[in-house]
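The primary structure of each chain is shown beneath.
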Amino acid sequence: MQLAVENYIVRKLYGDLDAIKIIAEAGFDGIDYSFYKLPPDDDLLSKPDLKAFAGKIKEAAAEHAVSLCQAHAPFAYTYGKSFNSDEYLNILRSLRVAAALGIPHIVVHAVKPVPKEVDIIEYNRNYYRSFIPYCEEYGIKIAVENLFLRDKAQDCYHGLLHTPAVMTEFVKSLGSDCFITCLDIGHTALTGLAPEDYIRGMSPDLLLALHVQDNDYKGDRHWVPYFGKLNWAEITKALGEIGYRGDFTMEILHFLDRYPPEMLPNALIFAAKTGRYLIGQIEKNRK
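The numbering scheme is per chain: residues are counted from 1 as the chain's sequence reads. For a predicted model such as this one, the threshold for reporting local features is a pLDDT of at least 70, and the threshold for listing and counting side-chain atom pairs is 80 or more; totals across whole chains, interfaces and linings nevertheless cover every residue. Only hydrogens and water are removed before side-chain values are computed, so all heavy atoms of the structure are retained for them.

When DSSP locates at least two bridges between a pair of strands, those strands are taken to pair. For helices the rule is a DSSP run of H or I covering at least 4 residues; for strands it is a run of E covering at least 2, with both sets numbered from the N terminus onward. Read from one edge of the open sheet, eight strands run S9-S8-S5-S4-S3-S2-S1-S10, paired in parallel fashion. Edge positions in the sheet fall to strand S9 (207-211) and strand S10 (248-250), since each has one partner strand and no second. Each neighbouring strand pair of the sheet contributes to a mean axis angle of 30°, computed without reference to strand direction. A fitted line through C-alpha atoms serves as each axis, taken over the contacting stretch for helices, and the angle formed by two N-to-C directions is quoted from 0 to 180°.

So, on to the side chain of glutamine 213. In this structure, glutamine 213 sits in the loop between S9 and helix H10 (232-242). Polar contacts, as used here, are pairs of N or O atoms within 3.5 Å; protein pairs need one atom able to donate a hydrogen and one able to accept it. Residues neighboring in sequence count only if both atoms are side-chain atoms. A polar contact of 2.8 Å, which involves the side chain of glutamine 213, links it to the side chain of aspartate 220. The contact rule is simple, with two residues in contact once any of their heavy atoms fall within 4.5 Å. Look past the residues within four positions of glutamine 213 in its chain and what remains in contact with it is Asp184, Ile185, Gly186, His187, Asp220, Arg221, His222, Trp223, Leu230, Trp232 and Glu251.

This next bit is on the pairing of S9. Each regular strand displays side chains that alternate between the two surfaces of the sheet. Each residue gets one of three labels from its accessible area relative to the maximum for its type: buried under 20%, exposed over 50%, partly exposed in between, using a 1.4 Å probe on protein chains only. Buried residues dominate S9, accounting for four of its five residues. Examined bridge by bridge, strand S8 (residues 179-184) and S9 share four bridges and lie parallel to one another. Looking at the pairing, leucine 183 lines up with leucine 210 of S9.

Only Phe, Tyr and Trp rings are paired, with Trp represented by its six-membered ring, and only when their centres lie within 6.5 Å; those with planes under 30 degrees apart are stacked, over 60 edge-to-face, the remainder tilted. Using the criterion set out here, one finds 17 aromatic pairs in the structure. Their ring planes at 80° and their centres at 5.1 Å tell us that tyrosine 127 and phenylalanine 131 sit as a pair that is edge-to-face. For tyrosine 127, a relative accessible area of 3% gives the class buried. Taking the relative accessible area as the measure of exposure, phenylalanine 131 reaches 0% and is therefore buried. An aromatic cluster of three or more residues is present, and its members are Tyr77, Phe83, Tyr88, Tyr127, Tyr128, Phe131, Phe170 and Phe179. We count a charge as sitting over a ring when the NZ of a lysine or the CZ of an arginine lies within 6 Å of the ring centre and within 35 degrees of the ring normal. Positioned over the ring face of phenylalanine 148 is lysine 112, at 4.9 Å from the centre of the ring.

Moving on, we get to the pairing of strand S5 (residues 141-145). The element S5 is extensively covered by neighbouring structure, given that four of its five residues are classed as buried. Examined bridge by bridge, strand S4 (residues 105-108) and S5 share four bridges and lie parallel to one another. Of the residues in S5, the one forming a bridge with isoleucine 106 is isoleucine 142. Two elements, S5 and S8, share four bridges in a ladder whose sense is parallel. Residue alanine 143 lies in a different strand from S8, and its bridge partner there is isoleucine 180.

A separate point is the environment of alanine 143. Structurally, the position occupied by alanine 143 is in strand S5. Alanine 143 sits in the buried class, given a relative accessible area of 0%. Each C-alpha atom, one on alanine 143 and one on alanine 60, is 25 Å from the other, the two residues being 83 residues apart in sequence. When residues no more than four places from it in sequence are discounted, the contact partners of alanine 143 are His105, Ile106, Val107, Val108, Ile180 and Cys182.

Time to look at unusual backbone geometry. Residues lysine 112 and proline 113 are joined by a peptide bond in cis, for which omega reads -10°. Assignment of secondary structure puts proline 113 in the loop between S4 and helix H5 (120-129). A positive phi is found at alanine 65, a non-glycine position, where the angle reads about 55°. A positive phi is found at tyrosine 226, a non-glycine position, where the angle reads about 85°.

Note that every value here comes from positions in space, so none of it alone points to a role or purpose.
See below:
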């Protein structure tokens, strides 16, 4: 099992090439490439020389012995926008860039919120199906993530694809092997189901990616494990029990963004040691 980390904060501070070196030296095996919006001169999606740039990235990854194992698409696309909008086209660009980097799958968020009179599941089913021709052309899969909707009036969270049964039925209904599931461990805690229970309800043939983060059940904190209140002994036990065979990918941007740039490498080293320990616990629980 590879230990990976999402690279948004590191890319933002150091640029793509130096970020690879820093992440590798911290002890990670892989990188979850973020295509969040960055300044135009630092945004992968705007690179006119994509083939040359992808070659440099892959060369740096090989030099530092890290894999480009996952990616995350932009999530600015909202209800009512067309498939010709800049927001949708940026998602397509992220699929193309990820494929050029040799990344096997990319997380694409469902659309939320939608008007109450609209069936959110059916709306998103059509949305995800629109990507199938591009996945087939580029040779990449989409990872569907469990999400939450914040109800500010009631100060609570509602889930979207928030149970293993709903997620499994939804992904299978897309009718294509272009789709897998990415479980955000912090999101399921926010929407009322213990992460370990979600994991135990999933098939290891479908659950093939993770966003590993901790929180206090009050917000989407994206902290390093053990900084919040989640039960990591049970989470790792559940991953071992189901025979999880994807990567262990940490999405801890709000742990990393609290540090000044000169301390970020040490923060990554600490996170990597934590992740390595948790992988060891998963392996101990394999049947």
